[in-house]
Structure formats: C-alpha cells, structure tokens
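# Report on the structure
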Amino acid sequence: MNLKSLSVWLIYFASLTILSPSLSHAAHLVGFVSDRSAPELLVVAHQFLDNYPEHRITLRRTHQLAELTDSELKQLLGDADVFLMVGIFGEEVVRLESFLQKNELGKACHVIALNGDRRLTRLARVEGKRILEDLSVEELQEIHTNADSSTDAVTLLKQKLKEFPEQAHWIEARAYWQSKGTDNVAEMFAYLLKHRATGLTPRPLRPQAAIRYFQKGNAISAADLDLKAGESVIAILDLNSG
C-alpha cells in the first residue's frame, strides 16, 4: 500500500500514522466511530485518501476513548478541521459531551455527530456556531426523518434543506451517511472536508435501492442474476446499516 495521509487506530489494526507533505489546502478529519460503523468507514477512508493523499483522516473506535486523558483527547483534536462522531451511545456520550462543552476546539473545527445519542447531535458546530442547539425536540425529530417508500432520499433531502436552511451542513452530511454504500460515504468525507480545504467537490447524493444484488463482486439487477432452475444457490445476506 502506498503511503497516504491516514492515521487509523482500530482494535484490529496496529497504530498507523502516515503523513504527507504539508500543503496549504490539506485538511484533517478526526472521528470516533462505533464498532458497527468502523469497518466501512475504514475501507472508505483508505479509498478516499488514494484519490486525495494531501488530506488526513484519523479514526478511532469509541471504546478507545477510555484510553485517552482529556489532555490527550485535546491534543488529538488539536489540528482537526472536522470532528466526526458516528453511532456513539452509552458512557462515551457523557465523556464527549462534557469534553466538548468544556474545551474549545477552535472555531475552525466543525463538529458533526450522526446516528448516535442526540445529546451529541445537538453539539454540531459549523464556523463556531451551534447549528442544532436551538431546535425543538419536534424539529430535531423531523430532521432525523428517513426516506421511505413514499419519499425518495433526494426529494426528502431537498425538503429538509428548504425547511431547515441553517442546519444544511448537518442535514447533507447525514444524508450521505444514511444512503450508505462506499460511494456515498466517500462523498460524505469530501463534503465535510470541502468546507476546510480547497479542491474538493463532492458529487450529488446517489441513493441505493433497499435491496441490492451482487454476483461475482459486481452489482447487478435482479433480472440479471442468471439463476438456473434446478441448480443450488448459496446466498449471503448482509444488513447494510451502522
């Protein structure tokens, strides 16, 4: 693997710090993510940095938070342009909430929490402003609405952006994550980093079908599965969520 700007500490991987030359348009994303979300985010982080080696992504699993003192956590986030939290619940919520309320990360650092405890969600910050803290409980629930059979993801995203323009940064980031798939997660990284760096233009959201089929490593339609009557078939079912 080519050396890239990636720092990833995960339970199944040794600590890895790879730095690229300092570039004026480089940006750094630090994330704490759930065990369930970590594998996909790790894979996409490597792919993203293959295309954008000037940037850095640092990911840690939530249980590793207990290994850090507040001083070490502050140091980890010291040069972060984006602090991302995904799928965090439980005692880690109390620790992070207290830390973020007591420690200023600098107005340059954007804070985004997705698919976790809503105490962290409310701490979302862009350009020094807490963009979700003034929402009512009902409004916060509304911006968490997911696409269903009656409303596709793109239409729902447009509706939310129209109704909650001041919360657009969080809404768009969450839409990429909720839509899943490596392409959308990569665009989420690009979207979050583009506000702190130049040269990043995330592509539009590309919703995935509720049920998708893969054969021999390629995504195909149900009609193209090429299943023959009388032949045995082994199917692997995967729940794509996190």
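Treat the numbers as computed from the prediction; the structure is a model and nothing was measured.

### Digging into the packing of aromatic side chains
- Applying the stated rule across the entire model yields four aromatic pairs.
- Taken together, a centroid distance of 6.1 Å and an interplanar angle of 85° make the contact between Phe32 and Phe83 edge-to-face. Of the two residues, Phe32 is situated in strand 3 (residues 28-33) and Phe83 in strand 5 (residues 82-86); the sequence distance between them amounts to 51 residues. The pair formed by Phe32 and Phe83 is uniform in burial state, with each residue classed as buried.
- On the numbers, 5.9 Å between centres and 55° between planes, the contact of Phe48 with Phe189 is tilted. With Phe48 in helix 1 (residues 38-51) and Phe189 in helix 8 (residues 181-194), this pair connects stretches of sequence that are 141 residues apart.
- For Phe189, a relative accessible area of 0% puts it in the buried group.
- Taken together, Phe48, Tyr52 and Phe189 form an aromatic cluster joined through their ring pairs.
- Positioned above the aromatic ring of Trp177, the side-chain terminus of Lys180 is 3.5 Å from the ring centre.

### A closer look at the pairing of strand 6 (residues 110-114)
- When you tally the buried positions in strand 6, you get five out of five residues, the bulk of the element.
- Side-chain alternation along strand 6 places His110, Ile112 and Leu114 on one buried face and Val111 and Ala113 on a second face that is also buried.
- Bridge count between strand 5 and strand 6: five bridges; the pairing is parallel. Its bridge partner being in strand 6, Val86 is matched across the sheet by Leu114.

Reading the values: rules and limits
Residues numbered from 1 in each chain as written. Predicted model: local features only at pLDDT ≥ 70, side-chain atom pairs only at ≥ 80, totals over all residues. Heavy atoms only, no water. Phe/Tyr/Trp six-rings, centres within 6.5 Å; stacked < 30°, edge-to-face > 60°. Helix = DSSP H or I, 4+ residues; strand = E, 2+ residues; numbered from the N terminus. Buried < 20%, exposed > 50% of the residue type's maximum accessible area, 1.4 Å probe, protein only. Lys NZ or Arg CZ within 6 Å of the ring centre and 35° of its normal. Pairing = 2+ DSSP bridges.

That is the geometry; function is a separate question.
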